[in-house]
Amino acid sequence: MSHPQTRSIPPATARTLGLLPQGLTPFFAGRPQAQALERLEILAAWMAKINTQNHDGVTLTPALVEHLSSGDIHSRIADLDQRRRATTLGQFDLDDLLQRELEYRRYASEAKRQPTWPQDEVEQRRAFDALEILPSQQEEDCCLTDQDLLEVQRVAWEARGLLDFLRHFRAHTQRPIVVVGNERYGRLFVVEPLEPHLAGDFAVHYERTPSHLSMRLTVPHYTERFQRNGFAPEFMRHLSAHMPHVVLVDVCSPRGTERYTKVPRGIRDLVNWFMVFNHLRAQGDRSQYQDQSGLPHHLLDELEKWYEFVVVRRRIGPWIDPGPTYAISHWAPELKKEVLMGDLAVPRRPATPGDEPQVILANPALYRAEGADLPEFMRRTQPYYFNDPEKRIREEIVPGFGAHGFETRVRGCTTDQYVAAVQRAMGQALQRCESR
């Protein structure tokens, strides 16, 4: 049971110390209440100073409480500060109990970022006590499997199809063309490997418009929650000033592609954004662009009343001058009669080369593996293979101790290495196509 005097501790002090009442009892043992409270206030001031908003700080474990509950509190704190400094200077001693306990907060904080580590407090403590001295970091290469190399041929073949389309479009328009690779698939496994072949004739941009948490009326808002989502302000101004053709590139899952050409929800959200852009360019006259939007008229009416449309319109309004608007069109290696954008099916509008400003929704994936028109290797591959590459290759983060106290090591090929290896192999496959 906790000491009755612990009830007199100010709530702010108790929160800073992070101890339950029973954990505070040793500070009251053998001393007057006033002295114990003064000691705790001094300790709380130290904790507030060192426990910053990262994983550097101290959790008062039982061993540290025992150390701090006796003797001169200032000397005891200074003793711990000296140990913490020694650790940061690479002078960690695993056999020093207090020096090791001072590292517990760093371990527990990092565990929150590592889903494969113990998340339960009891399990975390047990795992921390079992940590050992780590070996030196070993470098590891990333080798693609035979299946990976086969799948590379597929994604390179699909990317080459997009490149052929872009070159044909480029030859039949005077308007600049911007190719936008959406994070992540559109960027990693289509546009980045194509960069050497796009240089000079196309501008390349990369944006992040995620599909998760997207809905039918979502309008990407760049500063929402201070996170990047959609086009950067400077790119919005560029669109208003130059009105280039914009090719939005991304790929989505094969589900439902038997009937439809699919567009990722993130790209669908950018279509909603371009409706805000068109609204501003047309000064609110929807008749100037609704027939070229590819969207049902009733949806545009509904969209203009949605709060995100209003928020974005107010935000970007000063950057967008009146003028021509964008038409929405589609491209895919096999463009079906209807295009499914999230849960909204719309009639296809094939991208036709010309000078009318277009936003082209491009999904270069081919969602079949058989057919006399396909290379033989396609039969042994699967669409969308490289999506979520961390599910195929992900490094292991190993915790332990080293000269700087709590340390980590990376074990295995990293996801970034894996993606880079795939991109290099794609580049080689594309180069072979160019040289034929």
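Everything below is about the structure printed above this text.
None of these values were measured; they are calculated from a predicted model. (Residues numbered from 1 in each chain as written. Predicted model: local features only at pLDDT ≥ 70, side-chain atom pairs only at ≥ 80, totals over all residues. Heavy atoms only, no water.)

(A) Main features of the packing of aromatic side chains. In this structure the tally under the stated criterion is 23 aromatic pairs. Taken together, a centroid distance of 5.3 Å and an interplanar angle of 65 degrees make the contact between Y185 and F189 edge-to-face. Of the two residues, Y185 and F189 are both situated in helix α10 (residues 185-198); the distance of four residues between them amounts to about one turn of the helix. On the basis of relative accessible area, F189 is assigned to the buried category, the value being 2%. Site record: aromatic cluster; members linked through ring pairs are F92, Y104, Y107, W117, F128, F401 and F406. Directly above the aromatic system of W319 lies the positively charged group of R237, at a separation of 4.4 Å from the ring centroid. (Phe/Tyr/Trp six-rings, centres within 6.5 Å; stacked < 30°, edge-to-face > 60°. Helix = DSSP H or I, 4+ residues; strand = E, 2+ residues; numbered from the N terminus. Buried < 20%, exposed > 50% of the residue type's maximum accessible area, 1.4 Å probe, protein only. Lys NZ or Arg CZ within 6 Å of the ring centre and 35° of its normal.)

(B) Broad picture of the pairing of strand β6 (residues 338-341). Across three bridges, strand β4 (residues 261-263) lies against β6 in parallel orientation. Note on β6: the bridge partner recorded for K262 is L340. With four bridges joining them, β6 and strand β7 (residues 344-347) adopt antiparallel strand pairing. The residue bridging E338 from the neighbouring strand is P347, located in β7. Following β6, the chain reverses through two residues before pairing antiparallel with β7; G342 in that reversal takes a positive phi of roughly 65 degrees. (Pairing = 2+ DSSP bridges.)

(C) Broad picture of the environment of L40. Within the secondary structure, L40 is located in helix α3 (residues 33-50). Sequence-wise, L40 and I73 are 33 residues apart; in three dimensions their C-alpha atoms are separated by 9.1 Å. The residues touching L40, leaving out its near neighbours within four places in the chain, are I9, T13, L17, L24, F27 and F28. (Contact = heavy atoms within 4.5 Å.)

(D) Highlighting the state of the cysteines. For the coordinates displayed, the defined rule picks out one disulfide. Bridging C142 to C413, the disulfide has an S-S length of 2.4 Å. Taking the sign of the S-S torsion, about -80 degrees here, the bridge from C142 to C413 comes out left-handed. With C142 in the loop between α8 (121-129) and α9 (146-170) and C413 in the loop between β10 (405-411) and α15 (415-435), this pair connects stretches of sequence that are 271 residues apart. Side by side, C142 and C413 carry an identical accessibility label, which is buried. (Disulfide = S-S within 2.5 Å.)

(E) Representation of the packing of helix α12 (residues 265-281) against helix α14 (residues 307-316) within the structure. At a minimum axis distance of 10 Å, the contact between α12 and α14 shows a crossing angle of 55 degrees. Relative to α14, α12 is oriented oblique. Read as a crossing pair, α12 and α14 show a hand that is right-handed. For the pair α12 and α14, contact is made by W273, M275, V276, H279 and L280 and by F309, V312, R313 and I316, respectively. Broken down by class, the residue content of the contact of α12 with α14 amounts to seven nonpolar, one polar and one charged. (Axes fitted to C-alpha atoms, helices over the stretch in contact; angles between N-to-C directions. Parallel < 35°, antiparallel > 145°, perpendicular 65-115°, else oblique. Left-handed = near helix turned anticlockwise from the far one by under 90°. Nonpolar A, V, L, I, M, F, W, Y, C, P; charged D, E, K, R; others polar.)

(F) Focus on unusual backbone geometry. Following E183, the chain continues into R184 via a peptide bond in cis, with omega recorded as 5 degrees. Along the chain, R184 turns up in the loop between β1 (177-182) and α10. With phi around 45 degrees, M243 is a residue other than glycine that occupies positive phi space. Residue placement: M243 occurs in the loop between α11 (233-242) and β3 (245-249).

(G) Examining the sheet that holds strand β2 (residues 203-207) more closely. Strand order in this open sheet of five strands is β2-β1-β3-β8-β5, and the pairing throughout is parallel. Each end of this open sheet is capped by a strand with a single partner; those strands are β2 and β5 (327-331). Between one strand axis and the next, the sheet turns by 25 degrees as a mean value, whatever way the strands run. By the bridge criterion, five bridges tie β1 to β3 in an arrangement that is parallel.

(H) Spotlight on α10. Taken as a whole, α10 carries its principal kink of about 45 degrees at V191; the proline P193 stands between one and four residues after it. Of all 14 residues that make up α10, 10 are buried, and the element is covered over most of its length. Buried residues of α10: Y185, G186, L188, F189, V190, V191, P193, L194, H197 and L198, and no others. (Bend = angle between axes of the 7 residues up to and from the residue.)

(I) Structural view of the pattern of salt bridges. Scanning the model with the defined rule gives 27 salt bridges in all. One salt bridge in this structure joins R125 and E101, with 2.6 Å as the shortest N-O distance. Placement of the pair is R125 in helix α8 and E101 in helix α6 (residues 97-101), with a sequence separation of 24 residues. Of the residues examined, R125 reaches a relative accessible area of 23% and is grouped as partly exposed. (Salt bridge = Lys/Arg side-chain N within 4 Å of Asp/Glu carboxyl O.)

(J) A look at the sheet that holds β6. Strand order in the open sheet made by the three strands is β4-β6-β7, with mixed pairing throughout. The two strands at the open ends of the sheet, each matched to only one other strand, are β4 and β7. With strand direction ignored, the average angle separating the axes of adjacent strands in the sheet is 30 degrees.

(K) Geometry of the nonpolar core. Counting 42 residues, the largest nonpolar core has F231, L248, W273 and F274 as the members making the most contacts within it. Apart from the residues lying within four places of it in its own chain, the contact partners of L248 are V180, F231, I267, L270, F274, V359, I360, L361 and A362. Counting 41 residues, the second largest nonpolar core, distinct from the first, contains C142, A156, V190 and W331. (Core = buried A, V, L, I, M, F, W, Y, C linked by side-chain atoms within 4.5 Å.)

(L) Spatial organisation of the layout of surface pockets. In this structure, the largest pocket spans a volume of roughly 700 Å³. What lines the largest pocket is a set of 26 residues, among which G18, T59, L60, Y104 and E121 lie closest to the centre. Within the residue set of the lining of the largest pocket, elements represented by two or more residues are α1 (11-17), α2 (21-28), α4 (62-68), α7 (104-111) and α8. In terms of residue count, the dominant contributor to the lining of the largest pocket is α7 (four residues). (1 Å grid on protein atoms, 1.4 Å probe; cavity = no way out; pocket = protein on both sides within 12 Å on 5 of 7 lines; lining within 4 Å. Points joined across faces, edges and corners; volume = space filled by probe spheres on them.)

Nothing here speaks to function; it is geometry throughout.
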